Amino acid sequence: MRRIWKLLFGRYLLVTNTVSSGVLMLAGDVAAQKIESRLENRHKSVGLDWQRMFNMTLVGLSQGPLHHYLYKWMDVLLPGATVRTVFKKIAIDQFAISPIFIVTYLYSAGLLEGASVTECTAELKHKYWTIYTADWLVWPPTQFINFYLISPKYRVLYINAITMLYNVFLCYIKHNDDLVAQLTGKAKKKEDPSDTSS
């Protein structure tokens, strides 16, 4: 077991990060669908949306390499774990990595669901600030613990545990415009089928 652990979090770290991101996005979407089902009082026979689960798994798999290389680059750019270095890493994470993640998440999920680029852009405008605000509430304290207290070889495991919970929120926001409207006070603008300018 120790040898397998070392391989997973050593030589095959990219594979581990990619697969775990896909699995955790899947788990997050399943939990989000269960929450939606209870809130909407759906009949148990309705079941889970398997296509949506598949799409969200692909989105998670696509995010794995992105996070792997961005965090690796960050550790090379800012080695060490002093408080000052940790706050610099948190700033990079919030001002650079987080916006990249939100944009790639919404576009990849939207395109997989058959939306056009124009529709994905409209969804991004509608949901970006809701997701980004939540990022500020969740990730700075999480990343402080990660960068300051946890050994680099266990960071993926720690982040994935938090990500599992955060993915429930992401999947729920992605598929529920009503909640975003309640939080922001703005309803999503519907595309005008007669508008051919795009």
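Rules behind the numbers
Residues numbered from 1 in each chain as written. Predicted model: local features only at pLDDT ≥ 70, side-chain atom pairs only at ≥ 80, totals over all residues. Heavy atoms only, no water. UniProt positions renumbered as here; feature names shortened; annotations may be inferred. Phe/Tyr/Trp six-rings, centres within 6.5 Å; stacked < 30°, edge-to-face > 60°. Helix = DSSP H or I, 4+ residues; strand = E, 2+ residues; numbered from the N terminus. Buried < 20%, exposed > 50% of the residue type's maximum accessible area, 1.4 Å probe, protein only. 1 Å grid on protein atoms, 1.4 Å probe; cavity = no way out; pocket = protein on both sides within 12 Å on 5 of 7 lines; lining within 4 Å. Points joined across faces, edges and corners; volume = space filled by probe spheres on them. Nonpolar A, V, L, I, M, F, W, Y, C, P; charged D, E, K, R; others polar. Core = buried A, V, L, I, M, F, W, Y, C linked by side-chain atoms within 4.5 Å. Contact = heavy atoms within 4.5 Å. Expected span 1.5 Å × (residues − 1). Polar contact = N/O pair within 3.5 Å; in protein donor to acceptor, adjacent residues only side chain to side chain. Salt bridge = Lys/Arg side-chain N within 4 Å of Asp/Glu carboxyl O.

- Identification of the protein chain as Pmp22 peroxisomal membrane protein from Anopheles funestus is taken from an unreviewed UniProt entry.
- In its Sequence similarities (unreviewed entry) section, the UniProt record describing the protein chain reads: "Belongs to the peroxisomal membrane protein PXMP2/4 family."
- As stated in UniProt under Subcellular location (unreviewed entry), the record for the protein chain gives "Membrane".

### Concerning the packing of aromatic side chains
Line of reasoning, step 1. What the rule picks out here adds up to 11 aromatic pairs.
Line of reasoning, step 2. The interplanar angle of 25° and the centroid separation of 5.5 Å between the aromatic rings of Y128 and Y132 together place this pair among those described as stacked. Taken together, the positions of Y128 and Y132, both in helix α5 (residues 117-149) and four residues apart, correspond to about one turn of that helix.
Line of reasoning, step 3. For Y128, a relative accessible area of 15% gives the class buried.
Line of reasoning, step 4. Each residue in the set F95, Y128, W129, Y132 and W136 is aromatic and connected to the rest through ring pairs, giving one cluster.

### Notes on the UniProt feature "signal peptide" (unreviewed entry) in the protein chain
Line of reasoning, step 1. Those residues carrying the UniProt feature "signal peptide" (unreviewed entry) are residues 1-32 in this numbering.
Line of reasoning, step 2. Across residues 1-32, helical content stands at 84% and strand content at 0%; the span's end C-alpha atoms are separated by 33 Å.

### Regarding the layout of surface pockets
Line of reasoning, step 1. Approximately 660 Å³ is the volume found for the largest pocket.
Line of reasoning, step 2. Lining the largest pocket are 32 residues, and of these H67, H68, Y71, V156 and I159 sit closest to its centre.
Line of reasoning, step 3. Breaking the lining of the largest pocket down by element, the ones donating at least two residues are α2 (13-39), α3 (50-77), α4 (83-112), α5 and α6 (152-174).
Line of reasoning, step 4. When residues of the lining of the largest pocket are assigned to their parent elements, the largest contribution, nine residues, is made by α6.
Line of reasoning, step 5. Residue classes in the lining of the largest pocket are distributed as 12 nonpolar, 14 polar and six charged.

### Details of the nonpolar core
Line of reasoning, step 1. Core analysis: the biggest nonpolar cluster contains 24 residues, and I102, Y105 and I131 have the highest contact counts within it.
Line of reasoning, step 2. No other element matches α6, which puts eight residues into this core.
Line of reasoning, step 3. Other than its neighbours up to four places away in sequence, Y105 contacts M25, M56, V59, Q63, L170, C171 and K174.
Line of reasoning, step 4. In this structure, L70, L78, I92 and I97 belong to the second largest nonpolar core, which totals eight residues.

### Concerning the environment of A91
Line of reasoning, step 1. Relative to the assigned elements, A91 resides in helix α4.
Line of reasoning, step 2. On the basis of relative accessibility, which here comes to 31%, the residue A91 falls in the partly exposed class.

### Re α3
Line of reasoning, step 1. With 28 residues, α3 should cover 40 Å at 1.5 Å per step; its first-to-last C-alpha distance of 41 Å lies within 8% of that length.
Line of reasoning, step 2. If you check which residues of α3 are buried, you get R52, M53, N55, M56, T57, V59, G60, Q63, G64, H68, L70 and M74.
Line of reasoning, step 3. Next to the buried residues of α3 lie α2, α4, α5 and α6.
Line of reasoning, step 4. Where α3 starts, the residue carrying a side-chain oxygen 3.2 Å from the main-chain nitrogen of Q51 turns out to be D49.

### A look at the pattern of salt bridges
Line of reasoning, step 1. The full count for this structure, using the stated rule, is four salt bridges.
Line of reasoning, step 2. Across the pair R52 and D29 runs a salt bridge whose closest N-O atoms are separated by 2.7 Å. One end of the pair, R52, is in helix α3; the other, D29, is in helix α2, with 23 residues separating them in the sequence.
Line of reasoning, step 3. The residue K89 makes a salt bridge to D75 at a minimum N-O spacing of 2.9 Å. Residue K89 is located in helix α4, and its partner D75 is located in helix α3; the two are separated by 14 residues in the primary sequence.
Line of reasoning, step 4. Linked through salt bridges whose partners overlap, the residues forming this network are D29, E36 and R52.

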